[in-house]
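Topology and contacts: notes
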Amino acid sequence: MNTARTEEQTIFADAVRGFAQANLAAGALERAHDPSYSWDIARKLAVQGLLGITIPAENGGQGGTLMDAVIAIQELAQFCPKSADIVQAGNFGAIRTFAEYASPEQLERYLPDLLAGKALIGLGMSEPEAGSAVTELETSAVEDGDDYVVNGTKVFSTHSADATLFLIYVRYHPGVGGIGSVLIERDTPGLTIGKPSLFMSGEQWCQLYFENCRIPSSNMLLGPGGFKRQIAGFNVERIGNASRSLALGKLAFSLARNHAAERKQFGRPLCEFQGLQWKFAEMAVKLESAQLLLDRAVMGAEEGLPTAYDTAVAKLACNQAGFEVANEAVQIMGGLGYSQEALAEYCLRRTRGWMIAGGSIEILKNRIAEHVFDRRFNQRG
Ligand SMILES: Cc1cc2nc3c(=O)[nH]c(=O)nc-3n(C[C@H](O)[C@H](O)[C@H](O)COP(=O)(O)OP(=O)(O)OC[C@H]3O[C@@H](n4cnc5c(N)ncnc54)[C@H](O)[C@@H]3O)c2cc1C
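Let us look at the structure shown here. Note that the structure is predicted; figures quoted are calculated from it, not measured.

The rules we used
- Residues numbered from 1 in each chain as written.
- Predicted model: local features only at pLDDT ≥ 70, side-chain atom pairs only at ≥ 80, totals over all residues.
- Heavy atoms only, no water.
- 1 Å grid on protein atoms, 1.4 Å probe; cavity = no way out; pocket = protein on both sides within 12 Å on 5 of 7 lines; lining within 4 Å.
- Points joined across faces, edges and corners; volume = space filled by probe spheres on them.
- Helix = DSSP H or I, 4+ residues; strand = E, 2+ residues; numbered from the N terminus.
- Nonpolar A, V, L, I, M, F, W, Y, C, P; charged D, E, K, R; others polar.
- Core = buried A, V, L, I, M, F, W, Y, C linked by side-chain atoms within 4.5 Å.
- Buried < 20%, exposed > 50% of the residue type's maximum accessible area, 1.4 Å probe, protein only.
- Axes fitted to C-alpha atoms, helices over the stretch in contact; angles between N-to-C directions.
- Left-handed = near helix turned anticlockwise from the far one by under 90°.
- Contact = heavy atoms within 4.5 Å.
- Near = heavy atom within 4 Å.
- Polar contact = N/O pair within 3.5 Å; in protein donor to acceptor, adjacent residues only side chain to side chain.
- Areas by Shrake-Rupley, 256 points an atom, 1.4 Å probe, with all protein chains shown as cover.
- Salt bridge = Lys/Arg side-chain N within 4 Å of Asp/Glu carboxyl O.

Some thoughts on empty space enclosed by the protein
Summed over the entire model, instances satisfying the criterion amount to four cavities of 30 Å³ or more. In this structure, the largest cavity occupies an estimated 150 Å³ of space. Where the lining of the largest cavity is concerned, the elements lending two or more residues are helix H5 (81–92) and helix H12 (344–354). Residue classes in the lining of the largest cavity are distributed as five nonpolar, seven polar and six charged.

A closer look at the nonpolar core
Judged by nonpolar contacts, the single largest core of 112 residues is most densely connected at Leu45 and Phe98. The element contributing the most residues to this core is helix H8 (residues 227–262), with 13 residues. Of all hydrophobic cores here, the second largest spans seven residues; its members include Ala312, Met355, Ile361 and Ile368.

Focus: the packing of helix H1 (residues 7–23) against helix H4 (residues 66–77)
Between two packed helices, what matters for the description is the angle formed by their axes and the separation of those axes. Packing of H1 against H4 brings their axes to within 9 Å, and their N-to-C directions diverge by 35°. Along this stretch, H1 crosses H4, giving a crossing that reads as right-handed. For the pair formed by H1 and H4, the contact residues are Gln9, Phe12, Ala13, Val16, Arg17, Phe19 and Ala20 on the first element and Met67, Asp68, Ile71, Ala72, Glu75 and Leu76 on the second. Looking at side-chain class alone, the contact of H1 with H4 contains nine nonpolar, one polar and three charged residues.

Some thoughts on the environment of Phe234
Relative to the helices and strands, Phe234 resides in helix H8. When residues no more than four places from it in sequence are discounted, the contact partners of Phe234 are Thr97, Leu123, Met125, Tyr169 and Gly358.

What to know about the site of the ligand
The local shell around the ligand holds 20 residues, among which Met125, Ser126, Ser132, Ser360 and Glu362 are the closest. Between the ligand and the protein, one listed contact pairs a nitrogen atom with a side-chain N or O atom of Asn366 at 3.2 Å. For the ligand, whose free accessible area comes to 970 Å², the fraction covered by protein is 68%. Where the shell around the ligand is concerned, the elements lending two or more residues are strand S1 (121–124) and helix H13 (361–373). Among the elements that take part in the shell around the ligand, H13 stands out by supplying three residues, more than any other. A breakdown of the residues in the shell around the ligand according to their chemical character gives seven nonpolar, 11 polar and two charged.

Focus: the layout of surface pockets
Any empty space left between atoms is shown by rolling a water-sized probe over those atoms. When its volume is computed, the second largest pocket comes out at roughly 160 Å³. Lining of the second largest pocket is provided by Thr6, Glu8, Gln9, Phe12, Gln48, Gly49, Ile53, Gln62, Gly64, Thr65 and Asp68. When residues of the lining of the second largest pocket are assigned to their parent elements, the largest contribution, three residues, is made by H1. Looking at the lining of the second largest pocket, its residues break down into two nonpolar, seven polar and two charged.

A look at the pattern of salt bridges
One pass over the structure, following the stated rule, counts 17 salt bridges. Glu324 is the partner of Lys286 in a salt bridge, and the nearest nitrogen-oxygen pair spans 3.0 Å. With a gap of 38 residues between them, Lys286 in helix H9 (residues 274–299) and Glu324 in helix H10 (residues 308–332) connect regions that are remote in the sequence. Take Glu324: its relative accessible area is 33%, and that puts it in the partly exposed class. One salt bridge connects Arg296 with Asp310, and the closest N-O pair in it is separated by 3.4 Å. With Arg296 in helix H9 and Asp310 in helix H10, this pair connects stretches of sequence that are 14 residues apart. Using a relative accessible area of 38% as the deciding quantity, one classes Arg296 as partly exposed. Take Asp310: its relative accessible area is 16%, and that puts it in the buried class. A single salt-bridge network, built from bridges that share partners, covers Arg5, Asp14, Arg17 and Glu75.

Focus: the environment of Lys228
Residue placement: Lys228 occurs in helix H8. The spatial distance from the C-alpha of Lys228 to the C-alpha of Ile179 is 9.2 Å, given a sequence separation of 49 residues.

Some words on the environment of Val155
Position of Val155 relative to the elements: it lies in the loop between strand S3 (147–154) and strand S4 (165–171). Exposure remark for Val155: the relative accessible area of 7% places this residue in the buried category. Between the C-alpha atoms of Val155 and Ala99, which are 56 residues apart in sequence, the distance is 23 Å.

Right, here's the structure in full:
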């Protein structure tokens, strides 16, 4: 299914697969149902060089390509989908934007522990009144001597129950040009972390409250005018989201395939019923076509960052393929598919969330339509 891989990438994929099979497959189901961050797995992945894959070697990373990171997330997910979240956190998420724009001093302060799996960075972008319309964010950072004073609220941040550091989108002054970002450590006075809530996927998130939260100006990541650069970094996060959607669709597909090959009803294996064979044919086409679009976005990445259009097309295709295939897999596996004894229902719940997270499928379609008509459509009335 991965025709685009070079010989080197194939060797790397085989090595990651071998590691995942030997070290992560056992306990994958329990891990999937545990809402907390798997620090032990993060440390194991760090030792394998699977955190910071695309971060330059001189900064402590592996100096690899975005395709290497995509291969790692996709291979691991086939054996332990929860571990793929750690590859996301250590390669594609806030860490990637941080590594792209941080000062040498910030890199030195935070990157070693992040790459060792001893620290975790979360992203605080969404707010109660600024979701899809992210540029309406209100969390403010006001300069005061050598400090910034941050006030506002963030919602839905992945890993907010466990993160040791947050990359927080802030407003320095009105307008899109007033948006940038700061780094805020978990134990900073003025930051209160609310009671954990659960997503449908079982993941926890906590509301973040900033009340006169004072940080040194050295914690500024991007100043006013940084929004476009932040979103360019965020496209990598979207590639990780797309990769996991596709990977969990593939995992659900292979669980359903094995089930249909073995389970007998009416005296015949399920795979002998044409009604189910056609489902598999359609699922295979959805997965293969989404893989090609993902590969295109990743291979086209200029200077390590993929384009907004290719990313939107890839994420839309992978989000839809992952969810639709996981949904069919649950159906094909019957009561077992719907039960927490198998990972198919987990794949369904996770892939559902990625159609909302990181740019909902509707917002992606808006972006694609702008490309089609070669003009901007202002979403404000
Ligand atoms: C699993 C998960 C993980 C997340 N992780 C993070 C994280 O780590 N950090 C973070 O900051 N946020 C995170 N989020 C929040 C996520 O970014 C927002 O949920 C998302 O941007 C949508 O915002 P909203 O929930 O406020 O929905 P709204 O913006 O209120 O949208 C509601 C619905 O309306 C649609 N809609 C809105 N505007 C338009 C439009 N112009 N055209 C067509 N349809 C439109 C949306 O697509 C959606 O279906 C996460 C969310 C989920 C589900």
